[in-house]
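Listed below, chain by chain, are the residues.
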Amino acid sequence: MAGLSAAVRARELGATPVVYEKGTRPGGSMLVSSCVIWRFREWDDFRAECPAGDEALQRLVWERLDDGIAWLESLGAPVVEHDTGNPRTIGKRFDPRGLTETLVRAAGDVRLESLDAEPTILATGGFQGNAELVAEHIHPGGTLRLRANPWSSGDGLRYALARGAELSAGLGEFYGRNMPDAAFSEQEFVPLAQLYGRFARVYNERGEEFFSGEVSWSENDLVQATAQQPGARAWYVLDDDALARRVRDRTVADVVALAPTRVDPVDLPFATPPEARVAVRVSPGITHTIGGLRVDDRARVVGVDGLFAAGADVGGISTGGYASGLAAALVFGRLAAESALHRT
Ligand SMILES: Cc1cc2nc3c(=O)[nH]c(=O)nc-3n(C[C@H](O)[C@H](O)[C@H](O)COP(=O)(O)OP(=O)(O)OC[C@H]3O[C@@H](n4cnc5c(N)ncnc54)[C@H](O)[C@@H]3O)c2cc1C
C-alpha cells in the first residue's frame, strides 16, 4: 500500500518513480486484507487507544486520512462500504483487488524485481515474515504463524539500520488475530480469524486464565498476550450465551464451526465451568509489526540523510494498541513522496 501510494503521488508531482516489488504480484498485504481504511473518530480516542505512539505521527494520520481516502476515490478505487460499521472509527472499505489495480495503473512503472541500487523510499511492509527477527523482538519462544504476504521480512528495517537508522518504540508489539491452531491458507486469513475472545473464558495450556481485565474491541491485546503463553497457544471456552453473540455479520457459533481445533470442553486437561459448551484452541497469526524505523513528521528516516520510509516499515504509530495499518501506509506513502520531492 505505502510504496504504491508514494509512487502515484510522486508521479502526480511530476517525477518518474519506479516501484520495485519483491513478491510475485503487487499489492502486498493490502491485496489480501479486509481493506477497511480508517481512523479513530475522536483524536482523544486515538491517543487513549495507542498511548505509547508518537503523537506527531499519529496527528498526521488522523488529520490527513480523510484527504487520502478522497484521493483514492478520485483515482477510481472502488469503495465497497462507506463506513466502518464501528461507531468509534471513521473510514471506508475498498475492494482490495480494485484498489491494487487502481494504484498499480496510476503508479505507472511497477517492476517485479528487487532493486540493486539505493532506494529513496522504503516501503517493504514490516518484518513479520522474518522468523529470526520475530523470535528476537516479539515471541521469544520461537516463530509465529504468518497472516500476511510472505515477502515482508524486514528488508527495509535491516537496510536502514545498517546505515545508522534509529528504532521506534514498541519493537515487541504486533497486530494480528488469534486463528485456529492449525494450518490456514491466504484465503482463510479473514474468515478463520477467531475474533470473539472478549466473549470467552480464556485459558493457556496450563489451565490458567492468563488475561486480566477487559479485552479490547480489536482484541489485539489478547492476541499479543497469547503470543507470550507456553507454546503461544490459548483455549477459548464458550457457553451458550457466548456462542449466540454476533461478530460482524456472523454469530460466534458460525465462526467456531469453521475452526478445526474445536473440542468438547470435557476433553481439556483442566477443569472448565459447567456451562461450557465448546473450546477452541487458538494461536496468533501475525499480520504486521508495530515497531520499526523511527521517522520524523516528514517521513524522513531518523539517522539516515535522504532516506524516507512509509507503511509498516515505520514504527511507533499504533504503539500500545491498534490502529489502521492501511491508513498509516496511505498517509505516510503520500507524505514520503512529497518530502522526497521537497513539496511539504
Ligand atoms: C488478512 C488481513 C486483513 C487486514 N485487514 C486490514 C484492514 O481491514 N484495515 C487495515 O487498516 N489494515 C488491514 N490489514 C493490514 C494492512 O494490510 C497493512 O497494514 C498494510 O498493507 C501495510 O502496508 P505496507 O505498504 O506497509 O505493506 P504491504 O501492503 O504488505 O506492502 C509491502 C510490499 O513490499 C514488498 N516487499 C517486501 N520486501 C521487499 C523488497 N526488499 N523489495 C521490494 N519489495 C519488497 C512486499 O512484497 C509487499 O508487496 C490487514 C492485513 C491482512 C493480512
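As shown above, the structure is provided for reference.
Residues numbered from 1 in each chain as written. Predicted model: local features only at pLDDT ≥ 70, side-chain atom pairs only at ≥ 80, totals over all residues. Heavy atoms only, no water.

A. Quick peek at the environment of G292. Turning to its location among the elements, G292 is positioned in the loop between β14 (278-289) and β15 (308-309). Dropping the residues within four chain positions of it, G292 is found in contact with L157, E166, L167, S168, L171, D313, V314 and G315. (Helix = DSSP H or I, 4+ residues; strand = E, 2+ residues; numbered from the N terminus. Contact = heavy atoms within 4.5 Å.)

B. Structural context of helix α4 (residues 96-107). Taking 1.5 Å of rise per residue, the twelve residues of α4 would be expected to cover 16 Å, and the 16 Å separating its terminal C-alpha atoms lies within 8% of that figure. Where α4 is concerned, the buried positions are P96, G98, L99, T100, T102, L103 and A107. Structurally, α4 contributes buried residues whose contacts are with α1 (2-12), β2 (36-40), α3 (55-75), β4 (89-94) and β5 (110-111). G108 sits one or two residues past α4 and shows a positive phi near 90°. (Expected span 1.5 Å × (residues − 1). Buried < 20%, exposed > 50% of the residue type's maximum accessible area, 1.4 Å probe, protein only.)

C. Structural detail: the packing of α1 against α4. Where α1 contacts α4, the axes come no closer than 8 Å and their chain directions differ by 40°. It follows that α1 is oblique to α4 by the angle criterion. Viewed along their axes, α1 and α4 form a crossing whose handedness is left-handed. On α4, the residues that touch L4, S5, A7, V8 and R11 of α1 are L103, V104, A106 and A107. Of the residues belonging to the contact of α1 with α4, the class tally is seven nonpolar, one polar and one charged. (Axes fitted to C-alpha atoms, helices over the stretch in contact; angles between N-to-C directions. Parallel < 35°, antiparallel > 145°, perpendicular 65-115°, else oblique. Left-handed = near helix turned anticlockwise from the far one by under 90°. Nonpolar A, V, L, I, M, F, W, Y, C, P; charged D, E, K, R; others polar.)

D. Examining the nonpolar core more closely. In this structure, M1, I37, F46, L72, L99, V301 and F332 are the most contacted members of the largest nonpolar core, which totals 68 residues. Here this core takes nine residues from helix α10 (residues 325-340), the largest share from any one element. Contact partners of F46, with chain neighbours within four places excluded, come to F40, Q58, V61, W62, I317 and A323. (Core = buried A, V, L, I, M, F, W, Y, C linked by side-chain atoms within 4.5 Å.)

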